[in-house]
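Listed here are the chains, written in short residue letters.
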Amino acid sequence: MADLKAFAEQLVNLTVKEVNELAQILKDEYGIEPAAAAVAVAAPAAGGGDDAPAAAAEQTAFDVILKEAGGQKLAVVKLVKDLTGLGLKEAKDLVDGAPKEVKTGVTKEEAESLKKQLEEAGAVVEVK
């Protein structure tokens with residue numbers, strides 16, 4: 001029983017990036033869809049509440065994911081550089097490696113603002 005308690009504690013203390021990596025592993029290796037994994041991990045993080053959909057609805061941290069650069073790649077690289085504070089090479093690598101997270105754990109307002117700016121530059125963006 002102590003092992004399960006330690007495992008639960010590890011799940012609750014995962015960062016947003018670690019949860020995304022876990023979701024990808026569950027999908028690729030076990031065929032479990034990430035949405036189901038996110039709800040399973042979010043429920044204990046919300047205090048083990050009985051209403052998992054309500055916990056998912058109260059999401060406060062969002063990830064901005066660059067799906068593809070689009071036709072204006074140079075403009076997108078420059079914007080990613082400005083938005084993230086990365087160097088030019090790092091920003092180019094991020095854009096070239098799409099789909100990639102541009103920013104994680106941001107507020108809904110910031111995520112929507114980033115998405116709007118990136119889409120105006122020609123990128124395809126997703127907010128999770």
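Located above this text is the structure these notes cover.
First, a word on scope: everything that follows refers to the structure included in this document. (Residues numbered from 1 in each chain as written. Predicted model: local features only at pLDDT ≥ 70, side-chain atom pairs only at ≥ 80, totals over all residues. Heavy atoms only, no water.)

### A short note on the overall build of the protein
Using the following cut-off: Helix and strand assignments follow DSSP, with helices taken as H or I runs no shorter than four residues and strands as E runs no shorter than two, numbered in order from the N terminus. Remark: exposure states derive from per-residue accessible area (1.4 Å probe, protein chains only) relative to the maximum for the residue type, with buried under 20%, exposed over 50%, and partly exposed in between. Any pair of residues with heavy atoms lying within 4.5 Å of one another is described as a contacting pair. In this description, accessible areas are obtained by the Shrake-Rupley approach with a 1.4 Å probe, and a residue is regarded as covered only by the protein chains that are shown.
Summing up its helical and strand segments, the protein has seven helices and three strands in all. The order of α-helices and β-strands along the protein, N terminus first, is α-α-α-α-β-α-α-β-α-β. Burial status across the protein gives 23% buried among its 128 residues. For the protein, restricting intrachain contacts to residue pairs at least 6 apart in sequence, the fraction spanning at least 24 positions comes to 65%. Of the accessible surface of the protein, which amounts to about 8300 Å², a share of 55% is contributed by carbon and sulfur atoms.

### Quick notes on the sheet that holds strand 1 (residues 62-68)
Adjacent strands of a sheet form backbone hydrogen bonds with each other and so pair up, either parallel or antiparallel. The cut-off we apply is this: Following DSSP output, two strands are said to pair if at least two bridges run between them. Helix axes are fitted to C-alpha atoms over the stretch in contact, other axes to C-alpha atoms as well, and angles between N-to-C directions run from 0 to 180 degrees.
If you trace the three strands from one edge of the open sheet to the other, you get 2-1-3, paired in antiparallel fashion. What marks the edges here is a single partner per strand, and that holds for strand 2 (100-106) and strand 3 (124-127). Across this sheet, the average inter-strand angle for adjacent strands is 20°, counted without regard to direction.

### Some words on the pattern of salt bridges
Note the following rule: The salt bridge definition used is simple: a Lys or Arg side-chain nitrogen within 4 Å of an Asp or Glu carboxyl oxygen.
Per the stated rule, a full pass over the model turns up five salt bridges. Between Asp93 and Lys89 there is a salt bridge, and its shortest N-O distance comes to 3.0 Å. Taken together, the positions of Asp93 and Lys89, both in helix 6 (residues 88-96) and four residues apart, correspond to about one turn of that helix. Residue Lys89 is classed as exposed on the basis of its relative accessible area of 58%. Across the salt bridge formed by Lys103 and Glu110, the nearest N and O atoms sit 3.4 Å from each other. Its relative accessible area of 24% is what places Lys103 among the partly exposed residues. For Glu110, a relative accessible area of 32% gives the class partly exposed. Because the salt bridges share partners, they merge into one network encompassing Lys73, Lys92 and Asp96.

### Section: helix 5 (residues 73-84)
Given 3.6 residues per helical turn, the α-helix brings residues three or four places apart onto the same face. Operational definition: To estimate the expected span of a helix, count its residues, drop one, and scale the result by 1.5 Å. Note that the arc is defined by the directions from the helix axis to the C-beta atoms.
The end-to-end C-alpha distance of helix 5 is 16 Å, a good match for the 16 Å that twelve residues give at a rise of 1.5 Å each. All of the buried residues in helix 5 are Val76, Val77, Leu79, Val80 and Leu83. What you see down the axis of helix 5 is that its buried residues fit within an arc of 165°, all on one side. Opposite the buried face of helix 5, by more than 90 degrees, sit the exposed residues Leu74 and Asp82. Looking at the buried side of helix 5, the elements it contacts are strand 1, helix 6, strand 2 and helix 7 (108-120).

### Things to note about helix 2 (residues 16-30)
Along its 15 residues, helix 2 runs 20 Å from first to last C-alpha, staying within 8% of the 21 Å computed at 1.5 Å per residue. Turning to helix 2, its buried residues are Val19, Ala23 and Leu26. The buried side chains of helix 2 occupy one side of the element, clustering within an arc of 65° when seen end-on. Those residues of helix 2 that are exposed and aimed more than 90 degrees away from the buried face are Asp28 and Glu29. A positive phi of about 75° marks Gly31, the residue just after helix 2.

### A short note on a nonpolar patch on the surface
Formally: Patch membership is restricted to residues that have no salt bridge and whose relative accessible area is over 30%. Joining uses 9 Å for like charges and 5 Å for the nonpolar side chains Val, Leu, Ile, Met, Phe, Trp and Tyr.
Side chains of Ile25, Tyr30 and Ile32 sit close together on the surface and give an oily, nonpolar patch of about 310 Å² of accessible area. Checked against the element boundaries, Ile32 lands in the loop between helix 2 and helix 3 (34-45).

Fair warning: the whole summary comes from geometry, so function is off the table for now.
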